[in-house]
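As a plain string of letters, each chain reads:
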Amino acid sequence: MPTTYETIIGLEIHVQMNTKTKLFCTCDNDSFNKEPNTNVCEVCMGFPGTLPVTNKEAIEKGIISGLALNCTIPSTCKFDRKHYFYPDLPKGFQITQYDEPIAINGHIEITIDSKKKIIGIERLHLEDDAGKLIHANSGTLVDYNRSGTPLMEIVSKPDLRSKEEASAYARSVQQIMRFVGSSDADMEKGMMRFDLNISLRPVGSEKLGNKVEVKNLNSFRSLEKAITFEIERQTKMLEENDTIKKETRGWDAEKEISESQRSKEEAADYRYFPEPDIPPIHIDSAWSEDLKNKIPELPQAKQDRYRKVYAIDADHARIISEEFDLADFFEEMMDYTNAHFTATNLLVTDLLGMLNKEHQSITDTKIKPKQLAELANAINDNVLSTKMAKEVLPVMFETGKDPSTIIEEKGLKQVSDKHELEQICKKAIEAMPKAAEDIRNGNDKAIGALVGFVMKETKGQANPGKVNQILLSLLRH
Ligand SMILES: [Zn+2]
């Protein structure tokens, strides 16, 4: 029998914070579209004799992020120097938090195939980012604009067991950071990147195998591909009785393979010591309590509440709760309608579909939540058929007009008036005596032809359900 293996995954997620200034100086923290090396100063360039001053906004956003990940905030945290040499690191060391991070012992809940699972979080610490190397034809250039940008490193416990879980966890962290407002977490702008720790062990074994670190994965796709690749590579090695080395590997996103870079460094290799220029930071419970009150309702809680209060479908609840602005739109819409199911469908399937086509998001639409609610109400009150609503919505999308105005302008009102419908149904029975006779003899299928006649007479504006009812009552009495 071949051995089956279990995959053990831990993730380190680097998230770039959206503070106004850098972590230890007053340089603008937004270097997007700035000329290389124009957004720097003596402090973030590591000139001798300069002194770092800790950015309070970064500390507060670190605390809020930690609390949102259900972490404990120790009463003291401090910064340390982590030494290594690299051309993008002008100081010769990184300022990070080694043994006293700002947040410890957290967890978040993820949902996979409607099953919930708790993923532990070991720590969240703050550190400054390095510059950027640019490999050009003429040689390698360096841009220090990013140097000193505040990062949060969020380290999970080795609780993840598959690429689906890893991806769900990473997405959840991304949403939480956006909800609490500590990062835009835009992967395309490099604001979030992953280091993957992965090992295999025989199913049933308690002992962890040697772990391999895959560095700098900068998309969800790369993360999933790297996991698949490592599972295959390590399984093959174990089957051939090879020893898996503890090592750091780099991910080649083009070839979709990981390649060995170096053997894994131990903490001692970095010669950590407390940063002598930055005093430890004391965080009392009043301060963290105050920050805790600023945390909005988070996606998982929203999702659970939407399902409970509005009884909407799980997928819809998930999609809506993942984005702050979308959730806002949804909640406002719900204030104006009891047609929860119809309104949610219009929002998620139709409106989001139209926005996706235009590469727009919910904040770009001319449609107001109240107007979409009105459209849902019109369907539910049988003023419009679903088919007619599909004609109204694109006009709302284009013009931002109220559905009632468009219904009026297009003369779209569904005919539901009983007396009016009865007259047309009688006409149908006269025009199609054979079908009418069939129904009298119990052949219900023949009703389609009569309903068709009525729909044609009313230019599709009759309510088919009512037409059916009226025809049957006329013919069966
Ligand atoms: Zn600076």
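Because the structure is predicted, anything quoted here is derived from the model rather than measured.

## Section: the overall build of the protein chain
Of the regular secondary structure elements, the protein chain holds 15 helices and 15 strands. For 477 residues, the compact-globule formula gives about 23 Å, and the C-alpha radius of gyration of the protein chain, at 30 Å, lies well above that figure. Taking all contacts inside the protein chain whose residues are at least 6 apart in sequence as the whole, residues at least 24 apart take part in 67%.

## Here's the deal with the sheet that holds strand 3 (residues 80–83)
With antiparallel pairing, three strands are arranged side by side in an open sheet as 4-3-14. The strands lining the two open edges of the sheet, one partner per strand, are strand 4 (93–96) and strand 14 (273–274). Direction of pairing for strand 3 relative to strand 4: antiparallel, over a ladder of four bridges. The partner of Asp-80 across the bridge, within strand 4, is Thr-96.

## A short note on helix 3 (residues 220–239)
The α-helix winds at 3.6 residues per turn, so residues separated by three or four positions along the chain end up facing the same way. Relative to the 28 Å expected for 20 residues at 1.5 Å per residue, helix 3 spans 29 Å between its end C-alpha atoms, a close match to the ideal helical length. Taken together, the buried positions of helix 3 are Ser-222, Leu-223, Ala-226, Ile-227, Glu-230 and Gln-234. With its buried residues spanning 130° around the axis, helix 3 presents them on a single face. Exposed and facing more than 90 degrees away from the buried side of helix 3 are Glu-232, Lys-236 and Glu-239. Just beyond helix 3, the residue with positive phi is Asn-241, at close to 60°.

## Observations concerning the domain arrangement of the protein chain
If you check the domain split of the protein chain, you get domain 1 (5–292), domain 2 (299–410) and domain 3 (418–475). Using C-alpha coordinates to define each centre, domain 1 is positioned 38 Å away from domain 2. In this assembly, five residues from domain 1 lie in contact with five residues from domain 2. Among the elements that line the side of domain 1 that touches domain 2, the one with the most residues is helix 2 (residues 163–180), at three residues. Taken together, the residues of the side of domain 1 that touches domain 2 sort by class into one nonpolar, two polar and two charged.

## Topic: the pairing of strand 1 (residues 5–16)
Sheet analysis places strand 1 next to strand 10 (residues 192–202), joined by eleven bridges and oriented antiparallel. If you follow Leu-11 over to strand 10, its bridge partner there is Leu-196. The pairing of strand 1 with strand 9 (residues 150–156) spans five bridges and is antiparallel. Pairing of Ile-13 across the sheet is with Ile-154, part of strand 9.

## Some words on the environment of Ile-379
Relative to the helices and strands, Ile-379 resides in helix 9 (residues 369–380). Classification of Ile-379 as buried rests on a count of 22 C-beta atoms within 10 Å. Residues Ile-379 and Glu-297 lie 82 residues apart in sequence; the distance between their C-alpha atoms is 31 Å. Excluding residues that lie within four positions of it along the chain, Ile-379 makes contacts with Ala-339, Thr-342, Leu-384, Thr-386 and Ala-389.

## With respect to the sheet that holds strand 6 (residues 115–128)
Sheet architecture is open: eight strands sit in the order 5-6-9-1-10-11-12-13, paired in mixed fashion. Taken across any chain shown, the strands that pair with only one partner, and hence form the sheet edges, are strand 5 (103–112) and strand 13 (257–263). Ignoring strand direction, the axes of neighbouring strands in this sheet form an average angle of 30°. Pairing analysis gives six bridges linking strand 12 (residues 247–252) to strand 13, with the strands arranged antiparallel. Note on strand 13: the bridge partner recorded for Thr-248 is Arg-262.

## Considering the nonpolar core
The tendency in soluble globular proteins is for nonpolar side chains to be buried side by side. Of all hydrophobic cores here, the largest spans 60 residues; its most connected members are Leu-11, Val-15 and Leu-196. Ranked by the residues each element gives to this core, the list is headed by helix 2, at eight residues. Leaving out residues up to four positions away in the same chain, Leu-11 has contacts with Ser-156, Leu-160, Ala-166, Tyr-169, Ala-170, Phe-194 and Leu-196. Counting residues in each nonpolar core, the second largest holds 30 residues, with Met-334, Ile-367, Ala-376 and Ala-389 among its members.

## Quick word on the UniProt feature "domain: Asn/Gln amidotransferase" (unreviewed entry) in the protein chain
The sites that UniProt annotates as "domain: Asn/Gln amidotransferase" (unreviewed entry) are residues 328–475. The span residues 328–475 shows a helical share of 70% and a strand share of 0%, and its end C-alpha atoms are spaced 50 Å apart.

## Brief notes about the packing of helix 1 (residues 56–68) against helix 4 (residues 285–292)
One can describe the packing of helix 1 onto helix 4 by two numbers: an axis separation of 9 Å at closest approach and a directional angle of 70°. For the element pair helix 1 / helix 4, the angle class is roughly perpendicular. Our pair here, helix 1 against helix 4, has a crossing hand that is right-handed. Listed contacts from helix 4 to Glu-60, Ile-63, Ile-64 and Leu-67 of helix 1 are Ser-288, Leu-291 and Lys-292. Here the contact of helix 1 with helix 4 is composed, by residue class, of four nonpolar, one polar and two charged.

## Looking at helix 9
When the terminal C-alpha atoms of helix 9 are compared, their 17 Å separation across twelve residues agrees well with the 16 Å that a helix rising 1.5 Å per residue should span. Burial in helix 9 covers these residues: Pro-369, Gln-371, Leu-372, Ala-373, Glu-374, Leu-375, Ala-376, Ala-378 and Ile-379. Buried residues along helix 9 sit in contact with helix 7 (324–334), helix 8 (340–357), helix 10 (386–399) and helix 11 (403–410). Phi for Asn-382, located one or two positions after helix 9, is positive at around 65°.

## Some thoughts on the environment of Gly-250
Relative to the helices and strands, Gly-250 is located in strand 12. For Gly-250 and Phe-79, which are 171 residues apart along the polypeptide, the C-alpha to C-alpha distance reads 28 Å. Beyond its immediate chain neighbours, meaning those up to four positions away, Gly-250 contacts Lys-215, Asn-216, Ser-258, Glu-259 and Gln-261.

## Some points on the environment of Lys-410
Assignment of secondary structure puts Lys-410 in helix 11. Accessibility expressed as a C-beta count within 10 Å gives 12 for Lys-410, which makes it exposed. Along the sequence, Lys-410 and Gln-97 sit 313 residues apart, while their C-alpha atoms lie 65 Å from each other.

Analysis parameters
Residues numbered from 1 in each chain as written. Predicted model: local features only at pLDDT ≥ 70, side-chain atom pairs only at ≥ 80, totals over all residues. Helix = DSSP H or I, 4+ residues; strand = E, 2+ residues; numbered from the N terminus. Rg over C-alpha atoms; globule rule 2.2 N^0.38 Å. Contact = placed C-beta atoms within 7 Å. Pairing = 2+ DSSP bridges. Expected span 1.5 Å × (residues − 1). Buried ≥ 20, exposed ≤ 12 C-beta atoms within 10 Å, placed from the backbone. Arc of directions from axis to C-beta. Domains from an automatic or database assignment. Nonpolar A, V, L, I, M, F, W, Y, C, P; charged D, E, K, R; others polar. Axes fitted to C-alpha atoms, helices over the stretch in contact; angles between N-to-C directions. Core = buried A, V, L, I, M, F, W, Y, C linked by C-beta atoms within 7 Å. UniProt positions renumbered as here; feature names shortened; annotations may be inferred. Parallel < 35°, antiparallel > 145°, perpendicular 65-115°, else oblique. Left-handed = near helix turned anticlockwise from the far one by under 90°.

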